[in-house]
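# Examination of the molecular architecture
As a plain string of letters, each chain reads:
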Amino acid sequence: MNLKKDYIRRLVVASVLLVLVPDAWAYKRSVSETGEPISWNRRCIPYHIHQRGSEDVSKGDLVEAIQKSFLTWQGVTCSSQEFYYSGITDDDLVGYRLGGPNLNTVLFQEEASSWQHPRDVAALTTVTFCREIGGACLFIGQILDADVEFNGAYLRFSTSDPAPLTRFDVENSLTHELGHLLGFDHSTDPVATMYASAPPGETSKRDLDADDEQAICDVYPSVSPVPACEPFEVDGDATGAYTT
């Protein structure tokens, strides 16, 4: 039996996926193949930035923009979800490695041979979650790993303000992708950060809309007292995970 095929589900989010949510809000949740909504079972999610960086942006500006995007989701007051920056990595893996280690990585793919997706997609998030219970999998739909790729091979990026109309804004793009990392699908609200469309030069998705805030508050509500974040790394012992 091919364990990777049978037990790991990899959800690649680049375009529209349709799922149901309560009628009062337009946000949508990504779901497993059997309909269970996906989410993390941790309040604190670590992330790394790949050492390659971007050919379009200085490393200092890039790290700052990436950290701002994570802080935007973390700053919603009705949620206690938190991210912590775990440093620079040289690990190129996108997806889940059985046996580990696994990192949640933000990386730019600067070579055409490394970008295995449509040329006009600016960024894409690969989420690995559980399809069965066992090992590290406590529930079906539990997210184990998520990696965000930027299409540096075919598109240009910027951290300038305002962003050039010929380039995609890093913070705008990543804030959207982090919604996918959290388990959210595309919203039908055209002003939401999780709305599917994002043209070059757009910066409005740097900030969350009420629909996005409601999503994280519903799925990851605030807790009290808020426990401290501790270092964490997915160990790869996920006998009930599945990837596509």
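Throughout what follows, the structure given in this document is the object of discussion. Note on numbering: residues in each chain are counted from 1, in written sequence order. In keeping with the predicted nature of the model, local features appear solely for residues at pLDDT of at least 70, side-chain atom pairs appear and are counted solely at 80 or more, and the whole-chain, interface and lining totals rest on all residues. Neither water nor hydrogens contribute to the side-chain values; these are computed over all heavy atoms in the structure.

### Examining the overall build of the protein chain
The way it works is that DSSP assigns letters per residue, a run of H or I at least four long becomes a helix, a run of E at least two long becomes a strand, and they are numbered from the N terminus. From N to C terminus, the protein chain includes four helices and nine strands. Mapped in sequence order, the helices and strands of the protein chain form the string α-β-β-α-β-β-β-β-β-β-α-α-β. Working definition: with a 1.4 Å probe on protein chains only, accessible area under 20% of the residue-type maximum means buried, over 50% means exposed, and in between means partly exposed. Counting the 244 residues in the protein chain, one finds 52% classified as buried. When checking whether two residues touch, look at their non-hydrogen atoms; a contact exists if any pair is within 4.5 Å. Considering only contacts in the protein chain between residues 6 or more positions apart, those separated by 24 or more positions represent 75%. When the accessible surface of the protein chain is split by element, carbon and sulfur atoms take 51% of a total near 10,900 Å². Each accessible area is a Shrake-Rupley result for a 1.4 Å probe, and residues are judged covered by the shown protein chains and nothing else.

### A short note on the nonpolar core
The biggest cluster of nonpolar side chains holds 40 residues, and the ones touching the most others in it are Trp73, Phe150 and Leu182. If you list the elements that add at least two residues to this core, you get β2 (44-50), α2 (59-74), β4 (105-109), β5 (123-130), β6 (143-151), α3 (170-181) and α4 (210-219). In terms of residue count, α2 provides more of this core than any other element does, five residues in total. Note on terminology: a nonpolar core comprises buried Ala, Val, Leu, Ile, Met, Phe, Trp, Tyr and Cys residues joined through side-chain atoms within 4.5 Å.

### Looking at the pairing of strand β3 (residues 82-89)
Any two strands between which DSSP finds at least two bridges are classified as paired. As defined by bridge partners, β2 adjoins β3 across six bridges and the pair is classed as parallel. Bridged to His50 within β3 is Thr89. By convention, orient the strands away from the viewer: a clockwise path from the first strand over the helix to the second makes the crossover right-handed. Note that the unit made of β2, α2 and β3 has a crossover that is right-handed.

### Focus on the environment of Leu208
Structurally, Leu208 can be placed in the loop between α3 and α4. With a relative accessible area of 14%, Leu208 lands in the buried category. Considered as a pair, Leu208 and Thr72 are 136 residues apart in the sequence and their alpha carbons are 7.3 Å apart.

### Describing the side chain of Ser158
By the secondary structure assignment, Ser158 is in strand β7 (residues 157-158). Under the relative-accessibility criterion, Ser158 is labelled buried at 5%. Definition of a polar contact: a pair of N or O atoms within 3.5 Å, with one able to donate and the other able to accept a hydrogen when the atoms are protein atoms, and with sequence-neighbouring residues admitted only if both atoms are side-chain atoms. One polar contact links the side chain of Ser158 to the main-chain amide nitrogen of Ser160, over a distance of 2.9 Å. Dropping the residues within four chain positions of it, Ser158 is found in contact with Val57, Pro164, Arg167, Phe168, Asp169 and Val170.

### What about α4?
Every buried residue belonging to α4 is among Asp211, Asp212, Ala215, Ile216, Cys217 and Val219, and all of these are buried. Contact partners of the buried residues in α4: α2.

### Overview of the state of the cysteines
Any cysteine sulfur atom paired with another within 2.5 Å is treated as part of a disulfide. Within this structure, the stated rule accounts for three disulfides. The disulfide pattern of the protein chain is 1-6, 2-5, 3-4 when the bonded cysteines are numbered in sequence order.

### Let's talk about unusual backbone geometry
At the junction of Gly100 and Pro101, the peptide bond is cis and its omega measures out at -5° in the coordinates. Position of Pro101 relative to the elements: it lies in the loop between β3 and β4. Residue Pro162 is reached from Asp161 by a cis peptide bond, and omega for that bond is 5°. When you line up the elements, Pro162 lands in the loop between β7 and β8 (168-169).

### Observations regarding the pattern of salt bridges
Any carboxyl oxygen of Asp or Glu that lies within 4 Å of a side-chain nitrogen of Lys or Arg is treated as forming a salt bridge with it. Inspection of the entire model under this criterion finds ten salt bridges. Note that Arg52 is salt-bridged to Asp92, the shortest N-O span being 3.1 Å. One end of the pair, Arg52, is in the loop between β2 and α2; the other, Asp92, is in the loop between β3 and β4, with 40 residues separating them in the sequence. Take Asp92: its relative accessible area is 44%, and that puts it in the partly exposed class. Asp161 is the partner of Arg206 in a salt bridge, and the nearest nitrogen-oxygen pair spans 3.3 Å. With Arg206 in the loop between α3 and α4 and Asp161 in the loop between β7 and β8, this residue pair connects regions lying 45 residues apart in the sequence. Among the residues examined, Asp161 registers a relative accessible area of 62% and is labelled exposed. One salt-bridge network, in which partners are shared between bridges, spans Asp161, Asp169, Glu171 and Arg206.

### Quick notes on the packing of aromatic side chains
Aromatic contacts are taken between Phe, Tyr and Trp rings whose centres are within 6.5 Å, Trp giving its six-membered ring; a plane angle under 30 degrees counts as stacked, one over 60 as edge-to-face, and the others as tilted. Tallied over the entire structure, the rule returns ten aromatic pairs. Here Phe70 and Phe83 contribute two aromatic rings whose centre-to-centre distance is 5.0 Å and whose plane-to-plane angle is 65°, an arrangement assigned as edge-to-face. With a gap of 13 residues between them, Phe70 in helix α2 and Phe83 in strand β3 connect regions that are remote in the sequence. Grouping aromatic residues by their ring pairs yields a cluster made of Tyr27, Trp73, Phe184 and Tyr220.

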